[in-house]
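Observations on the three-dimensional arrangement
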Amino acid sequence: MLRNMHGYSQEEIAEKIGISRQAYGKWESGATIPDIEKCSCLAKVYGVTIDSLVKTETADGIGMIPPAPKGKNIWGSVTINERGQIVIPKAARDKFGLTGGQRLIVLSDEEGIALIPAEIFESKMKAILKFGSMKRDEE
């Protein structure tokens, strides 16, 4: 999946990580698996972590979910109820220390929505405003 998403041929990936195309083809077919050193090389080529490279996840109606880029996460899917509410997956709540009653800022672009803890967003905004006032004072 990653090879196709990046537009590489088996031969191109094999060359990048120093193996034969046939060896790479066996990995894709499931006949063999790469050692940890080759997994590390593959992870670097694809810009993902080793963990996300070897751990696959599936979602209902979608199938296998590709690994997220390094430093990013795909937490799965949620369903919006009739009142517009969602439940944030437990793993995401744990990772970011989210608890009941905590305020979140809802941001978006043309493609999607992001949730940021209000205290983090507000501290970044204060820093931006402080920097902006410092620049005005210099002028």
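In what follows, the structure referred to is the one given above.
Here is a short report on the structure shown in this document. (Residues numbered from 1 in each chain as written. Predicted model: local features only at pLDDT ≥ 70, side-chain atom pairs only at ≥ 80, totals over all residues. Heavy atoms only, no water.)

Brief notes about the overall build of the protein chain
Basically, it comes down to this: Counting from the N terminus, the helices are the DSSP runs of H or I reaching at least four residues and the strands are the DSSP runs of E reaching at least two. A radius of gyration in this sense is built from C-alpha atoms; the matching globule rule multiplies 2.2 Å by the number of residues raised to 0.38. Between buried and exposed lies partly exposed: a residue is buried under 20% and exposed over 50% of the maximum accessible area for its type, with that area taken using a 1.4 Å probe on protein chains only.
Each helix and strand counted, the protein chain has 7 helices and 4 strands in total. Along the protein chain, helices and strands appear, N-terminal first, in the series α-α-α-α-α-β-β-α-β-β-α. Taken over C-alpha atoms, the radius of gyration comes to 21 Å for the protein chain, far larger than the 14 Å a tight globule of 139 residues would show. Expressed along its principal axes, the backbone C-alpha trace of the protein chain runs to roughly 60 × 50 × 25 Å. Counting all 139 residues of the protein chain, 19% fall into the buried class.

Focus: the pattern of salt bridges
Counted only if it meets this: Salt bridges are defined as contacts in which a side-chain nitrogen from Lys or Arg sits within 4 Å of a carboxyl oxygen from Asp or Glu.
Taken as a whole and judged by the stated rule, the model has 3 salt bridges. Note that E28 is salt-bridged to R3, the shortest N-O span being 2.5 Å. Taken as a pair, E28 in helix α3 (residues 21-29) and R3 in helix α1 (residues 2-6) lie far apart in primary sequence, 25 residues in all. Here R3 falls in the buried class, since its relative accessible area comes to 13%. In this structure, the salt-bridge partner of D94 is K90, at a minimum N-O distance of 2.7 Å. With D94 and K90 both in helix α6 (residues 90-96), this residue pair falls 4 residues apart, about one helical turn.

A word on the side chain of K38
Which entries qualify depends on this criterion: A residue counts as positive if it is Lys or Arg and as negative if it is Asp or Glu; His and the chain ends are not included. Here, two residues are considered to be in contact whenever any of their heavy atoms come within 4.5 Å of each other.
If you trace the backbone, K38 turns up in helix α4 (residues 36-46). One buried charge, K38, has no salt-bridge partner; the nearest side chain with opposite charge is E37, at 4.6 Å. Sequence-distant contacts of K38, that is, excluding residues within four places in its chain, are made with I17, G18, I19 and W27.

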